[in-house]
Amino acid sequence: MNELRALGYLDRLDELLAPAHTRLVLIVTGSRVAPWELWSPAVYGVFERIANLCDHPDGRRGDFRCGCIRVVHGNAKGIDKEADAIAYRRDWPIRRFPVVPSVWMKRGGYAGHERNHAMVDEAKATAEKLRARLLCTAFIHNGSPGATGCAGYAQLSGIPTLRVTTEDLWMPRVTAA
């Protein structure tokens, strides 16, 4: 993984999604406290690259049969809400997994982790049902335990996972000479 990390997160994304023009169920997890002005280039960059790799060559979007993307996220503030807005503007189907306030009150911090497990499990089942590829994108600001835990569970479930961390935003891009 270190070799892929040195290539930069967009190159890692290309590695995870090759070959292109395929159906994709995309799990998005991200930190609630991530400052959008810092993270927006990364999130937009990843979504743009996914669109370029997966949308149908003739430009059709919104019809899942033609190879577009279905987005699944935890409906939390921060990265999830921004990813939701991007997916909505692209007419990609969206599945939101909010945690009800009463569950937060009862389960505390575990509620988010339980929601993340349910989200990953459902995304995996959806991808199998639709014969789609599955990818988890994790935008992890300062070691966020929720996004880190969700990405870890996705990886343990056999789902290819792209982790973009705060360090990736500051790391200069390394390319072969």
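Note: the structure precedes this text.
Residues numbered from 1 in each chain as written. Predicted model: local features only at pLDDT ≥ 70, side-chain atom pairs only at ≥ 80, totals over all residues. Heavy atoms only, no water.

Participant: Help me understand the side chain of T29 in this model?
Facilitator: Structurally, T29 is set in strand β1 (residues 24-30). A residue is classified by how much of its surface remains accessible, and T29, at 4% relative accessible area, is buried. Setting aside residues up to four positions removed in sequence, T29 forms contacts with D80, C136, T137, A138, F139, G146, A147, C150 and A151. (Helix = DSSP H or I, 4+ residues; strand = E, 2+ residues; numbered from the N terminus. Buried < 20%, exposed > 50% of the residue type's maximum accessible area, 1.4 Å probe, protein only. Contact = heavy atoms within 4.5 Å.)

Participant: Got a minute to help me understand the pattern of salt bridges in this structure?
Facilitator: Oppositely charged side chains can pair when the atoms bearing their charge come close. All told, the structure shown has four salt bridges when counted by the stated rule. Between R90 and E48 there is a salt bridge, with the nearest N and O atoms lying 2.4 Å from each other. Of the two residues, R90 is situated in the loop between α4 (79-89) and β3 (94-96) and E48 in helix α3 (residues 36-54); the sequence distance between them amounts to 42 residues. A relative accessible area of 14% means that R90 is categorised as buried. A salt bridge links E114 to R107; the shortest N-O distance between them is 2.3 Å. (Salt bridge = Lys/Arg side-chain N within 4 Å of Asp/Glu carboxyl O.)

Participant: For this particular structure, what's the right way to read the packing of aromatic side chains?
Facilitator: Given two aromatic rings, their pairing is described by the distance between the two centres and the angle made by the two planes. Taken as a whole, this structure holds three aromatic pairs when the rule is applied. Between F47 and W92, the aromatic rings sit 5.8 Å apart at their centres with planes inclined by 20°, giving stacked as the arrangement. Taken together, the positions of F47 in helix α3 and W92 in the loop between α4 and β3 put the pair 45 residues apart, joining distant regions of the chain. Looking at F47, the relative accessible area reads 1%, which means it is buried. Here W92 falls in the buried class, since its relative accessible area comes to 3%. (Phe/Tyr/Trp six-rings, centres within 6.5 Å; stacked < 30°, edge-to-face > 60°.)

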